[in-house]
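Residue-level structure breakdown
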Amino acid sequence: MTTDRPRTPDQLLEGPPVLTTTATATVTVTDPLPGKRRNEPIVFTVPGAYPGDLWAARTSAGELVPCQKLRTQTSEDQTAFVTVLSFEGTVDLELLGAWEGPADGITELNPREEDAFARLDTGYFDLELCTGTAKGTGSSKWGLRHFAAKHEGIDLLPSGNNAIGGFYGPFFTPENGLINPPEHTTVQVEVIEKGPVLHHYRMHGTVPDGLLDELRDKSFTIDWKFTHGTPYFERRYQVDAFQTVVNGRSVTDKITVGDEFEGGQGELVFDRFEAYQGTQFRAGDPYAEELVKMVSETIETSASTTEKFAEFRHHLTAGMESAHWDLYWRLFCAWERVLDEDEIRDRLARVRAASHVRADLPERPWVITDAPVDVSAASDETIFPGAASKTVEFHSRTGRAMVWWTGQPSGAFQIVQRRQSGWVNWGSNGENECPELPVGTPIKTAYGHFVPTWRHVADQLEQPPTVTVTTHPNHA
């Protein structure tokens, strides 16, 4: 049942029967911000045991809404629920009794990819969560490999060769000899909560061992939450504790999260980037330039006799400009065994030495602007913005926008909008693949036609409504 249209009194009489007619608890939800919330997830806990999986509640506007029990947050003496509400200001919710019969909510659709764990119709999004195949190609990635807003009907990842939600540095970078984890490992998915209001999944994965001893024997989990009709989704990354050096800096428990999008050659899903309080950035990617130079040199001069090297030489000689960017990284990936470890270390040491110097040369000045940045007009179609917790990528003509809020600021970002290939990226890393997002940081990501209001959307992601619960003595 959607929460956008209140029921009439006649419709309320026809609604699902409930076990009680007197409220057992009243939940007061207050928005600290002006404006309307759309299907905002509301979690509340009431004392006592409530049988069943779904309860009915009535809003102060007279609408009946389903409340899904959260089994992982429920104990013998208290019960947790989640519902979604569309409201403005303050709304009261009276918890009535068990919901009888079906409730409109999240449904599952036929999957597209062979490794799909679930394709969901959330009422707002049509998305597909994949486990990966570890075959080393772009289509092997785990994460969200298809993603569309239902009202728009445009898949932001139509080929299935890219993904939203991968995490990279420091494990999956040339420095550690591992590149692109969604391509080189699979995940197991645990269902934490599943009902009409909320689907909560937890991915479990193991990082393949790379070249650096301090990054071996590490595992990770990623929690994904999707709620009915909500224009955003939530996730959180947890990784075993680690400490290493990237870009000459100590890195402790920081990762790169990467979201990819594709519009096809010559087309961009998003063509602008902006940070909430203005954008400070440097344009160009010397590291990528040095890597491309080393790819060319390696293809021409390496003495490797492996079958994989012959395969990569064929693909990259045929047309480096049109090759999938991941192919460049994979040439130097220990997992791929294209080159032996000594050659990987030697060639990447030379790349790092040159790119570390070039990254900080004075001809790449910091730019400070309050205007949206046309990334594809920048050198290498790449910018490296500074620290922020609220950012947006949007399309200047269509008005579509993706808004990110991170619970802690990422120390830097890498934004790519490459018109030639149509590839767009949002990554929480600075120059030379240095990860900047603290492990365990919650991330909320909203998508819609939000260009004029994206800062307000970001504020809503940052500041959820407050919830207070008043119980009534009639409930045993």
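This text follows the structure it describes.
Summary of the structure given here. Just so we're clear, the structure is a prediction, and the values are computed from it rather than from any experiment.

What to know about the overall build of the chain
Looking only at helices and strands, the chain features 7 helices and 30 strands. Relative to a compact globule of 476 residues, whose C-alpha radius of gyration would be 23 Å, the chain shows 24 Å and is just as compact. Counting all 476 residues of the chain, 58% fall into the buried class. In the chain, which carries 43 positive and 68 negative side-chain charges, the distance between the mean positions of the two groups comes to 1 Å.

Concerning the pairing of strand S23 (residues 382–385)
Burial along S23 is two-sided: the face carrying Thr382 and Phe384 and the face carrying Ile383 and Pro385 are both buried. As defined by bridge partners, strand S21 (residues 279–283) adjoins S23 across 3 bridges and the pair is classed as antiparallel. Looking at S23, one finds that Ala283 is bridged to Ile383. Two strands pair when backbone bridges link them, and S23 and strand S26 (residues 414–418) are joined in this way by 2 bridges, in the antiparallel orientation.

Considerations on the side chain of Asp121
Position of Asp121 among the secondary structure elements: in strand S8 (residues 116–121). Given the relative accessible area of 14%, Asp121 is considered buried. At 2.9 Å, the side chain of Asp121 forms a polar contact with the side chain of Lys150.

Let's talk about the environment of Lys141
Here Lys141 shows up in the loop between strand S9 (125–130) and strand S10 (143–149). Between the C-alpha atoms of Lys141 and Asp115, which are 26 residues apart in sequence, the distance is 9.4 Å. Leave out the neighbours within four places in its chain, and Lys141 touches Asp115, Cys130, Gly132, Asn161, Asn162, Ala163, Pro182, Glu183, Glu260 and Asp326. In this structure the side chain of Lys141 is engaged in a polar contact, spanning 2.8 Å, whose partner is the side chain of Glu260.

Details of the side chain of Ser355
Positionally, Ser355 belongs in helix H6 (residues 341–359). A polar contact of 2.8 Å, which involves the side chain of Ser355, links it to the backbone oxygen of Val351. If sequence neighbours within four positions are ignored, Ser355 has contacts with Pro286, Tyr287, Glu290 and Asn432.

Here's the deal with the sheet that holds strand S6 (residues 90–98)
Strand order in the open sheet made by the 7 strands is S2-S5-S4-S3-S6-S1-S30, with antiparallel pairing throughout. Two strands in the sheet have a free side with no partner beyond their single neighbour: strand S2 (36–47) and strand S30 (466–471). Between one strand and the next, the sheet's axes are offset by a mean angle of 30°, whatever the strand orientation. Taken together, the 5 bridges between strand S3 (residues 54–59) and S6 define a ladder with antiparallel strand orientation.

Section: empty space enclosed by the protein
Inspection of the entire model under this criterion finds 4 cavities of 30 Å³ or more. In this structure, the largest cavity occupies an estimated 320 Å³ of space. What lines the largest cavity is a set of 25 residues, among which Trp329, Gln414, Trp423, Asn425 and Glu433 lie closest to the centre. Within the residue set of the lining of the largest cavity, elements represented by two or more residues are strand S19 (257–262), helix H5 (325–330), S26 and strand S27 (423–427). Looking at side-chain class alone, the lining of the largest cavity contains 10 nonpolar, 9 polar and 6 charged residues.

Regarding H6
Taking 1.5 Å per residue as the helical rise, H6 with its 19 residues ought to reach 27 Å, and the 26 Å between its terminal C-alpha atoms agrees with that figure. Looking at H6, one finds that the buried residues are Glu343, Ile344, Arg347, Leu348, Val351, Ser355 and Ala359. Along the long axis of H6, the arc covered by the buried residues comes to 110°, so they all point the same way. Residues Asp342 and Val357 are exposed on H6 and point more than 90 degrees away from its buried face.

A short note on the packing of aromatic side chains
According to the stated counting rule, one finds 27 aromatic pairs in the structure shown. Each ring, one from Phe117 and one from Tyr201, has its centre 5.6 Å from the other, and the planes form 80°; the classification is edge-to-face. Taken as a pair, Phe117 in strand S8 and Tyr201 in strand S13 (residues 198–206) lie far apart in primary sequence, 84 residues in all. Residue Phe117 is classed as partly exposed on the basis of its relative accessible area of 34%. Site record: aromatic cluster; members linked through ring pairs are Tyr124, Phe125, Phe147, Trp224, Phe226, Phe233, Phe261, Phe270, Trp404, Phe413, Trp426 and Tyr447. Its guanidinium or amino end placed over the ring of Tyr276, Arg455 lies 5.9 Å from that ring's centre, counting from NZ or CZ.

Remarks on the pattern of salt bridges
If you walk through the whole model with that rule in mind, you get 35 salt bridges. Across the salt bridge formed by Glu297 and Arg350, the nearest N and O atoms sit 2.5 Å from each other. Of this pair, Glu297 sits in helix H3 (residues 286–301) while Arg350 sits in helix H6; the two residues are 53 residues apart in sequence, bridging distant segments of the chain. Classification of Arg350 as partly exposed rests on a relative accessible area of 39%. Residue Glu431 pairs with Arg364 through a salt bridge whose shortest N-O separation is 2.8 Å.

Notes on the nonpolar core
Of all hydrophobic cores here, the largest spans 94 residues; its most connected members are Leu144, Phe147, Phe167, Phe261 and Val403. Setting aside its immediate chain neighbours within four residues, Phe261 contacts Leu156, Leu157, Ile164, Val269, Phe270, Met402, Trp404, Gly422, Trp423 and Val424. If you look at the next biggest cluster of nonpolar residues, it comprises 18 residues, including Val29, Ala57, Val91 and Ala98.

Procedures and definitions
- Residues numbered from 1 in each chain as written.
- Predicted model: local features only at pLDDT ≥ 70, side-chain atom pairs only at ≥ 80, totals over all residues.
- Heavy atoms only, no water.
- Helix = DSSP H or I, 4+ residues; strand = E, 2+ residues; numbered from the N terminus.
- Rg over C-alpha atoms; globule rule 2.2 N^0.38 Å.
- Buried < 20%, exposed > 50% of the residue type's maximum accessible area, 1.4 Å probe, protein only.
- Lys, Arg positive; Asp, Glu negative; His and termini not counted.
- Charge placed at Lys NZ, Arg CZ, Asp CG, Glu CD.
- Pairing = 2+ DSSP bridges.
- Polar contact = N/O pair within 3.5 Å; in protein donor to acceptor, adjacent residues only side chain to side chain.
- Contact = heavy atoms within 4.5 Å.
- Axes fitted to C-alpha atoms, helices over the stretch in contact; angles between N-to-C directions.
- 1 Å grid on protein atoms, 1.4 Å probe; cavity = no way out; pocket = protein on both sides within 12 Å on 5 of 7 lines; lining within 4 Å.
- Points joined across faces, edges and corners; volume = space filled by probe spheres on them.
- Nonpolar A, V, L, I, M, F, W, Y, C, P; charged D, E, K, R; others polar.
- Expected span 1.5 Å × (residues − 1).
- Arc of directions from axis to C-beta.
- Phe/Tyr/Trp six-rings, centres within 6.5 Å; stacked < 30°, edge-to-face > 60°.
- Lys NZ or Arg CZ within 6 Å of the ring centre and 35° of its normal.
- Salt bridge = Lys/Arg side-chain N within 4 Å of Asp/Glu carboxyl O.
- Core = buried A, V, L, I, M, F, W, Y, C linked by side-chain atoms within 4.5 Å.

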